[in-house]
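Residue-level structure breakdown
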Amino acid sequence: MEQPFELTSELRGNCLVLTTVGYINNVGGEAIAKECSKHFSDGISRVVINVERSKVVNSIGMSFLIEIIEQLEEIQGKLIFTNLDPAVEKMLSIMGLFQYAGKEATVDAAVRSLK
Amino acid sequence: MMEPVRLKVELPQIPNIELVAIEGLERLAQHLGIADEKIGEARILVTEAIINALEHAGTQNPEVHVEFTMTAAEITILVKDFGKGFDPGSVPDPSIAQKLGSEHKRGWGLRLMKSMSDDFRIESGTDGTKITIKKFLS
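Here is a short report on the structure shown in this document. (Residues numbered from 1 in each chain as written. Chains lettered and ligands numbered in written order. Predicted model: local features only at pLDDT ≥ 70, side-chain atom pairs only at ≥ 80, totals over all residues. Heavy atoms only, no water.)

1. Focus on the overall build of chain A
- Across its full length, chain A carries four helices and five strands.
- What you see in chain A, going N to C, is helices and strands ordered as β-β-α-β-α-β-α-β-α.
- Computed over C-alpha atoms, the radius of gyration of chain A comes to 13 Å, within 12% of the 13 Å expected from 2.2 N^0.38 for 115 residues, which places it in the range of a compact globule.
- When the 115 residues of chain A are sorted by exposure, 55% land in the buried category.
- Of the accessible surface of chain A, which amounts to about 5,100 Å², a share of 46% is contributed by carbon and sulfur atoms.
- Looking at chain A, you have 11 positive and 15 negative side-chain charges, and the mean spots of the two groups are 6 Å apart. (Helix = DSSP H or I, 4+ residues; strand = E, 2+ residues; numbered from the N terminus. Rg over C-alpha atoms; globule rule 2.2 N^0.38 Å. Buried < 20%, exposed > 50% of the residue type's maximum accessible area, 1.4 Å probe, protein only. Areas by Shrake-Rupley, 256 points an atom, 1.4 Å probe, with all protein chains shown as cover. Lys, Arg positive; Asp, Glu negative; His and termini not counted. Charge placed at Lys NZ, Arg CZ, Asp CG, Glu CD.)

Pasting the structure below:
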């Protein structure tokens, strides 16, 4: 059974790195959006979301990521997803999120590209 | 050739109950020797179909019926709710450009199910909504 949702957050320089574990539903999506907003008010505008350990996601959870993109557009920030499961990548692609966000294989690659 | 395997489950309105169906999907795949990476899109289809059904099920008869018929080559996913139904044709096709700046960021389920499936059918009436999805697994 998919694990309950957990979110860890760390700052690497001026880049916020979020790592999710488990099902990203509405609760998970909202938690990600809240964590981002908290850091945006501190001047952070670069975000990496590592979803390697979230194989089950739903569109309601993913809709919260559109909120993050919206806020990042206002502050000329950038969002990169990493360690995407191919099915989740396809889902985000259908939703059009990669028109506004990037993707990288690993967190290190994403952080490097944001420097 | 191995016979198709079937799973039928009735889901009550409980948070994250769709994960029970996902667990069933994974068990069937394991039984048929299907690699985990081949059911990734089926996982999303099952999740979207069930959360859509739970949302439309209403309160009078709120459970959702789910049925999988699976072979090593494909899965048919049937999800039925007993709500008031809706007109699928009236659901606008979402776009990210339109969602940015809008209060309503949801509404992606039908688009995802149509795009990720190999066959998608929806029948909706006053006695409920039935979604039938076929997905090739190879």
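2. Looking at the nonpolar core
- Ranked by internal contacts, the top residues of the largest apolar core, which has 74 residues, are Val 47, Ile 49, Phe 81 and Leu 97 of chain A together with Phe 68 and Met 70 of chain B.
- With nine residues, helix 2 (residues 40–56) of chain B is the largest single contributor of residues to this core.
- Leaving out residues up to four positions away in the same chain, Phe 81 of chain A has contacts with Ile 49, Leu 65, Leu 92, Leu 97, Phe 98, Ala 101, Gly 102, Lys 103 and Glu 104 of chain A.
- If you look at the next biggest cluster of nonpolar residues, it comprises eight residues, including Val 17, Val 48, Val 107 and Val 111 of chain A. (Core = buried A, V, L, I, M, F, W, Y, C linked by side-chain atoms within 4.5 Å. Contact = heavy atoms within 4.5 Å.)

3. Here we look at unusual backbone geometry
- Unusually for a residue other than glycine, Gln 76 of chain A sits at a positive phi of about 55 degrees.
- Relative to the elements of secondary structure, Gln 76 of chain A occurs in the loop between helix 2 (59–74) and strand 4 (78–82).
- Taking relative accessible area as the criterion, Gln 76 of chain A reaches 69% and is therefore assigned exposed.
- Not every positive phi belongs to a glycine, and Asn 16 of chain B is a case in point at roughly 65 degrees.

4. Some details on the environment of Ile 80 of chain A
Residue and element names in this part refer to chain A.
- Among the structural elements, Ile 80 can be located in strand 4.
- For the pair Ile 80 and Asn 58, spaced 22 residues apart in sequence, the C-alpha to C-alpha distance is 19 Å.
- The contact partners of Ile 80, leaving out residues within four places of it in the chain, are Val 47, Val 48, Ile 49, Gly 102, Lys 103, Glu 104, Ala 110, Ser 113 and Leu 114.

5. A word on the interface of chain B and chain A
- Counting from both sides, the interface comprises 29 residues of chain B and, opposite them, 25 residues of chain A.
- Around 2,300 Å² of area is buried between chain B and chain A when both sides are counted, 70% of it from carbon and sulfur atoms.
- At the junction of chain B with chain A, the criterion picks out two salt bridges.
- Of the charged contacts in the structure, one is a salt bridge between Lys 90 of chain A and Glu 41 of chain B, with a shortest N-O distance of 3.0 Å.
- The element that contributes the greatest number of residues to the side of chain B that touches chain A is helix 2 of chain B, accounting for seven residues. (Buried area = accessible area lost by both parts, 1.4 Å probe. Salt bridge = Lys/Arg side-chain N within 4 Å of Asp/Glu carboxyl O.)

6. Things to note about the packing of helix 3 (residues 86–94) of chain A against helix 4 (residues 109–116) of chain B
- Their axes nearest at 10 Å, the elements helix 3 of chain A and helix 4 of chain B cross at an angle of 120 degrees. Put simply, helix 3 of chain A runs oblique to helix 4 of chain B. Considering how the two elements wind past one another, helix 3 of chain A and helix 4 of chain B form a crossing that is right-handed. Counting all contacts with helix 3 of chain A, which are made through Ala 87, Lys 90, Met 91 and Ile 94 of chain A, the residues of helix 4 of chain B involved are Arg 111, Leu 112, Ser 115 and Met 116 of chain B.
- Looking at side-chain class alone, the contact of helix 3 of chain A with helix 4 of chain B contains five nonpolar, one polar and two charged residues. (Axes fitted to C-alpha atoms, helices over the stretch in contact; angles between N-to-C directions. Parallel < 35°, antiparallel > 145°, perpendicular 65-115°, else oblique. Left-handed = near helix turned anticlockwise from the far one by under 90°. Nonpolar A, V, L, I, M, F, W, Y, C, P; charged D, E, K, R; others polar.)

7. A word on the packing of aromatic side chains
Residue and element names in this part refer to chain A.
- Counted under the stated rule, the structure contains one aromatic pair over all chains.
- Between the aromatic rings of Phe 81 and Phe 98, the centroid separation amounts to 6.2 Å while the plane-to-plane angle is 90 degrees, which identifies the pairing as edge-to-face. One end of the pair, Phe 81, is in strand 4; the other, Phe 98, is in the loop between helix 3 and strand 5 (102–104), with 17 residues separating them in the sequence.
- Its relative accessible area of 1% is what places Phe 81 among the buried residues.
- Across the ring face of Phe 98, the terminal group of Lys 103 is positioned such that the distance to the ring centre comes to 4.5 Å. (Phe/Tyr/Trp six-rings, centres within 6.5 Å; stacked < 30°, edge-to-face > 60°. Lys NZ or Arg CZ within 6 Å of the ring centre and 35° of its normal.)

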